[in-house]
Amino acid sequence: MTTDERMKIAVLYSEKAPDDRQTERFKTFLSGKYGEDMELVWKQSDSFPGGFRLEAGNDIYDWSIEGRLEQLKDALKKIGNTDKDVIPLIRDTVKEWRPKAIAREVGTVLTVGDGIATISGLEKATYGEILLFSNGIRGMVLDLREDEVGCILFDDDADISEGSSVYRTGRTAGIPVGDAYIGRVINPLGAPIDGKGDIREDGYRAIESPAPGIIDRQPVNRPMETGILSIDSMFPIGRGQRELIIGDRQTGKTAIALDTIVNQKGKDVICIYVAIGQKASSVAQLVNNLNRHGAMDYTIIVNASASESAPIQYIAPYSGCALGEYFMHKGKDVLIIYDDLSKHAIAYRSLSLLLDRSPGREAYPGDVFYLHSRLLERAAHLSDELGGGSMTALPVVETQAGDVSAYIPTNIISITDGQIFLESSLFFQGQRPAVNVGLSVSRVGGDAQTKAMKKATGTLRLDLAQYREMEVFTQFSSDLDDTTKNQLVYGQGLMRMLRQPQFHPYRQDEQVIILITALKKMFMKTPINAINATIGEMLAYFESNRPDIGSKIMSTCKIDDDMKAEIVATAEEFFANK
C-alpha cells in the first residue's frame, strides 16, 4: 500500500463493531475533517475497553479511558501552581470538563543513531517541540524538512528502532524553574544530580525565548564587581553586559569566573555556572571550592559533562539562560557564566553534520553565529517597568595558540561588549590573572564604574602600555639612563601589583587605596618580590588605623581631593613606620 493510499484509510479499533448509526457518525466526522474519499475500516481490538481508537493518516483519536484521562490531566494543568486552596478549582474543572475529539499526530522513525532520529509523518511539528517516543524517550525537533523532521534525543537511543511510533506533545522544550534551584547542581533538563533529593519547581520556562527589545532595556550603568583589580580598574563590567573571557587552555579563564562568583557574596546576585563538556571531576572540584567559600548559597550549577551526549551539551547554555531569565524577571541581578562556548559550538557542529546540513568554514554550519547571538543577546538590564532586573553574561572561549582570528572566537568577540584576553606567556611568567592590557577591552567602560574607581584608576592603563613598549625596546640595550630605569621599575611594580591570588578578591575601598598609592609611586623603593606582601600589610594598616576611609568609600562610592590626600598621608605613615 502506498503512502497516499494509507492516508485515505481510517482504521477504527474497538472491542465491538460499530452499529449503522455509529458508523454513519464516524463517516460524517471523517468527511468533514479529511474529505469525502476517506474510507473507514474496523478492526477488532481488546486494547481499548470502554472506548475506541481511530487512526486517520498521521492523526490518532484516542477515545479509550486512558486517552480521556490524559485530556483531563491537561485540563487540570491549566490551573497552574497557586498558593490558594486548589480543591474547589479542581472540582469545578472536573464538573465542567467534557472530552473532545482531539487528534494526536503520530510519526514513524525512519533512521536513528548517534543521538539523532529522522521521523516521517509529523507534518505539523514545530521547531523546538518536544517529541515522545513509544518507549518514553524524549527528543526535540531541530530540523524541519518537506517530508521528514530531524530530532535530537535526550536519552539513550538503544531502545529506539526503525518503525517506532513518535508522538507530538505540543510543548516547547523547556526547563522547570524556581527559587529552590539555588544551591543545587542540575543537568540541562532540570533534574538534580547532586544527590540532595528532588527540587520543588515554581514554573516552567522555554529554553529558547526572544531577547528583550530595545524598549525593554535600560543602559548598563551599575558595576558587576569581580574583585579582581586588573579587571575592575581597566575593564569594568556592568550589570547586563556581555564580557568575553578568552585565552588558551590552562590560562586561568575559569579562575576569573569563579573569583567573580565568590565576590558576589552578600551583594544579592544570583550566580549560574553552566559547565559544557568538562570532566565530572573538574565540576566536582569547582563545587567544593564554591562550598568552601560560601558561594553555593547563591549559585546554581548546570552541568553537561564531557560524558553527556551532544544534544544535552547543546541545550545546556539555553537551559541555564532560562533559569537566569526567571530570576531576572523577578527583579533580581543574575550573573551567568558559560564555560565554554567553544565546546558548545563543537557539539552543535556534530549535530548539524549528523542532520546532513551543509558544512561551512571549519565544518561549522552556516547558522553557528546565530547559535550564540540568540543566546548572548538575552543578557540585559531590564527597564524599570519590567522590574529592573539584569543578567550579566560571561562567556568563556578557548583559543588555539592565542589565535583570536579563528571562526568561533571572532564570532563571539563581535557579539559581546568586550573581551578579557588571557595571554599564555604572561601566565607562565607568573602574572596571574594573565590579562593582556593591549588586547582586552570593555565597550561599556567607565559607564559601569563608580566615581571612586574612575578617579583612582587615573592613568594606569596608559602607564602600563608605556611600560610594555619600553620593555620591548630595552631588551636590545644595556646602557639605560636613570629616567628609563625608573620608568621600568615603576612599570614592573604596577605589573606585580596586579598579581592576585585566586579566591582573594579585593573590596572596592581596597582597590581604590591600592591604585592611589601605586600611581603615586609609593612602591618604588619596595623590592619587586615584596610588593604583594606589602600591599596586604598596608591594607591591614588602613583597616586598623583609618577604617573610616574604607567605610566612606563603600557607602558613597566617591572620593574627592581631600580624601585622596588622606589616603596618601596614611600610606606615607605606613611606609615611614615600616
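First, a word on scope: everything that follows refers to the structure included in this document.

About the thresholds
- Residues numbered from 1 in each chain as written.
- Predicted model: local features only at pLDDT ≥ 70, side-chain atom pairs only at ≥ 80, totals over all residues.
- Heavy atoms only, no water.
- 1 Å grid on protein atoms, 1.4 Å probe; cavity = no way out; pocket = protein on both sides within 12 Å on 5 of 7 lines; lining within 4 Å.
- Points joined across faces, edges and corners; volume = space filled by probe spheres on them.
- Helix = DSSP H or I, 4+ residues; strand = E, 2+ residues; numbered from the N terminus.
- Nonpolar A, V, L, I, M, F, W, Y, C, P; charged D, E, K, R; others polar.
- Pairing = 2+ DSSP bridges.
- Contact = heavy atoms within 4.5 Å.
- Axes fitted to C-alpha atoms, helices over the stretch in contact; angles between N-to-C directions.
- Core = buried A, V, L, I, M, F, W, Y, C linked by side-chain atoms within 4.5 Å.
- Buried < 20%, exposed > 50% of the residue type's maximum accessible area, 1.4 Å probe, protein only.
- Salt bridge = Lys/Arg side-chain N within 4 Å of Asp/Glu carboxyl O.
- Parallel < 35°, antiparallel > 145°, perpendicular 65-115°, else oblique.
- Left-handed = near helix turned anticlockwise from the far one by under 90°.
- Polar contact = N/O pair within 3.5 Å; in protein donor to acceptor, adjacent residues only side chain to side chain.

### Examining the layout of surface pockets
Inference 1: There is about 890 Å³ of room inside the second largest pocket.
Inference 2: Every residue lining the second largest pocket is counted, 29 residues in all, and those nearest its centre are Gln250, Gly252, Lys253, Thr254 and Ala255.
Inference 3: Listing elements by their share of the lining of the second largest pocket, those giving two or more residues are helix H6 (253–262), helix H7 (280–292) and strand E18 (390–399).
Inference 4: Tallying contributions element by element places H6 first for the lining of the second largest pocket, with 6 residues.
Inference 5: For the lining of the second largest pocket, the per-class residue count stands at 9 nonpolar, 11 polar and 9 charged.

### Details of the sheet that holds E18
Inference 1: Strands sit in the order E12-E16-E15-E17-E18-E14-E19-E20 across an open sheet of 8 strands; the sheet is mixed. Unpaired on one side and paired on the other, strand E12 (185–186) and strand E20 (441–442) mark the two borders of the sheet.
Inference 2: Across 2 bridges, strand E19 (residues 418–422) lies against E20 in antiparallel orientation. Residue Gln419 lies in a different strand from E20, and its bridge partner there is Val441.
Inference 3: Running over the sheet, helix H11 (residues 407–415) touches strand E14 (244–248), E18 and E19 and is turned about 155 degrees from E14.

### Some thoughts on the nonpolar core
Inference 1: If you look at the biggest cluster of nonpolar residues, it comprises 73 residues, and the most contacted ones within it are Ile261, Leu290, Ile301, Met497, Val512 and Ile567.
Inference 2: When near neighbours in sequence (up to four residues on either side) are disregarded, Ile261 contacts Cys271, Tyr273, Leu290, Ala295, Tyr298, Thr299, Leu335 and Ile337.

### Considering the pairing of E18
Inference 1: With 9 of its 10 residues buried, E18 lies for the most part within the structure.
Inference 2: In this sheet, E18 lies alongside E14 in parallel orientation, the contact comprising 4 bridges. Bridge pairing links Asp248 to Thr399 in E18.
Inference 3: Across 7 bridges, the pairing between strand E17 (residues 333–339) and E18 is parallel. Note on E18: the bridge partner recorded for Ile337 is Leu394.

### Quick look at the environment of Gly170
Inference 1: Among the secondary structure elements, Gly170 is positioned in strand E10 (residues 165–172).
Inference 2: Here the alpha-carbon distance between Gly170 and Ile130, two residues 40 residues apart in the chain, equals 7.1 Å.

### A look at the pattern of salt bridges
Inference 1: For the structure shown, the criterion picks out 26 salt bridges.
Inference 2: Residue Arg217 is joined to Glu377 by a salt bridge in which the shortest nitrogen-to-oxygen separation is 4.0 Å. With a gap of 160 residues between them, Arg217 in the loop between strand E13 (203–206) and helix H5 (229–234) and Glu377 in the loop between helix H10 (368–376) and E18 connect regions that are remote in the sequence.
Inference 3: With a shortest N-O distance of 4.0 Å, Glu423 and Arg468 are connected by a salt bridge. Of the two residues, Glu423 is situated in the loop between E19 and helix H12 (424–428) and Arg468 in helix H14 (residues 460–474); the sequence distance between them amounts to 45 residues.

### Let's talk about H6
Inference 1: Of all 10 residues making up H6, 8 are buried, and the element is well covered by its neighbours.
Inference 2: Here H6 has its buried residues at Lys253, Ile256, Ala257, Leu258, Asp259, Thr260, Ile261 and Val262.

### What to know about the packing of H14 against helix H15 (residues 482–497)
Inference 1: Two elements in contact, H14 and H15, have axes separated by 9 Å at closest approach and are oriented at 120 degrees. When the axis of H14 is compared with that of H15, the two are oblique. The handedness of the crossing between H14 and H15 is left-handed. Between H14, through Leu460, Asp463, Leu464, Gln466, Tyr467, Met470, Glu471 and Thr474, and H15, the contact on the second element is made entirely by Thr484, Gln487, Leu488, Tyr490, Gly491, Gln492, Leu494, Met495 and Met497.
Inference 2: Class assignment of the residues belonging to the contact of H14 with H15 gives a composition of 9 nonpolar, 6 polar and 2 charged.

### A short note on the side chain of Ser14
Inference 1: Within the secondary structure, Ser14 sits in strand E1 (residues 9–14).
Inference 2: In this structure the side chain of Ser14 is engaged in a polar contact, spanning 2.8 Å, whose partner is the side chain of Trp42.
Inference 3: For Ser14, the contacting residues outside a window of four places in its chain are Trp42, Lys43, Gln44, Ser45, Gly51 and Phe52.

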